[in-house]
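Letter by letter, the chains look like this.
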Amino acid sequence: AKVPDVSEDILREMDRFLREKRVPWAIAMIDRDEGLERLCGELDIPCVDLSSVDENDRFPSYGNHWTPQGNHRIADLLAAFFQRTPRLAFSSKKS
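This is a predicted model, so every value here is computed, not measured. (Residues numbered from 1 in each chain as written. Predicted model: local features only at pLDDT ≥ 70, side-chain atom pairs only at ≥ 80, totals over all residues. Heavy atoms only, no water.)

**What about a negative patch on the surface?**
Negative charge collects at one region of the surface, where Asp31, Asp33, Glu34, Asp54 and Glu55 lie side by side. As for its position among the elements, Asp31 is in the loop between strand E1 (27–29) and helix H2 (34–43). (Patch = residues over 30% accessible without salt bridge, like charges linked within 9 Å, V, L, I, M, F, W, Y side chains within 5 Å. Areas by Shrake-Rupley, 256 points an atom, 1.4 Å probe, with all protein chains shown as cover. Salt bridge = Lys/Arg side-chain N within 4 Å of Asp/Glu carboxyl O. Lys, Arg positive; Asp, Glu negative; His and termini not counted. Charge placed at Lys NZ, Arg CZ, Asp CG, Glu CD. Helix = DSSP H or I, 4+ residues; strand = E, 2+ residues; numbered from the N terminus.)

What follows is the structure, given as structure tokens:
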């Protein structure tokens, strides 16, 4: 029997819950997923695609984890993403 994919339902519920609590959030995709990109657009969830990091920046024999250089590339992508997504900016203000 095929198990239904409830990922979209879970993400919709997470989005509802976090918006209700006024918690900003985003999704980072290690591999490109057009369905997830569509859902993020529909729900206005900031989304960053990390799939542009080259396979040479991964350890294939160690679970495909990023190499030190790969981690630097991911950090650069995330820094640029946070910089262009003001609602995710960190603040030291207490609410």
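Still to come is the rest of the account.
**Quick notes on the pattern of salt bridges**
In total, this model carries 11 salt bridges according to the counting rule given. The partner of Glu8 in a salt bridge is Arg38, with the nearest N and O atoms 3.1 Å apart. Of this pair, Glu8 sits in helix H1 (residues 7–20) while Arg38 is found in helix H2, placing the two residues 30 residues apart along the sequence. In this structure Glu8 comes out as partly exposed when scored by relative accessible area, which is 31%. (Buried < 20%, exposed > 50% of the residue type's maximum accessible area, 1.4 Å probe, protein only.)

**What to know about a nonpolar patch on the surface**
Residues Val6, Ile10 and Met14 make up a contiguous nonpolar surface patch of roughly 240 Å² in combined accessible area. The residue Met14 is located in helix H1 in this model. For Met14, a relative accessible area of 35% gives the class partly exposed.

**Describing the nonpolar core**
Formed by Leu11, Leu18, Trp25, Ile27, Met29, Leu36, Leu39, Cys40, Leu43 and Ile45, the largest nonpolar core amounts to 10 residues. Listed by contribution, the elements that provide at least two residues to this core are H1, E1 and H2. Broken down by element, the residue count for this core peaks at 4 residues, all from H2. What Ile45 contacts, discounting residues up to four positions off in sequence, is Asp15, Arg19, Trp25, Ala26, Ile27, Cys40 and Arg87. (Core = buried A, V, L, I, M, F, W, Y, C linked by side-chain atoms within 4.5 Å. Contact = heavy atoms within 4.5 Å.)

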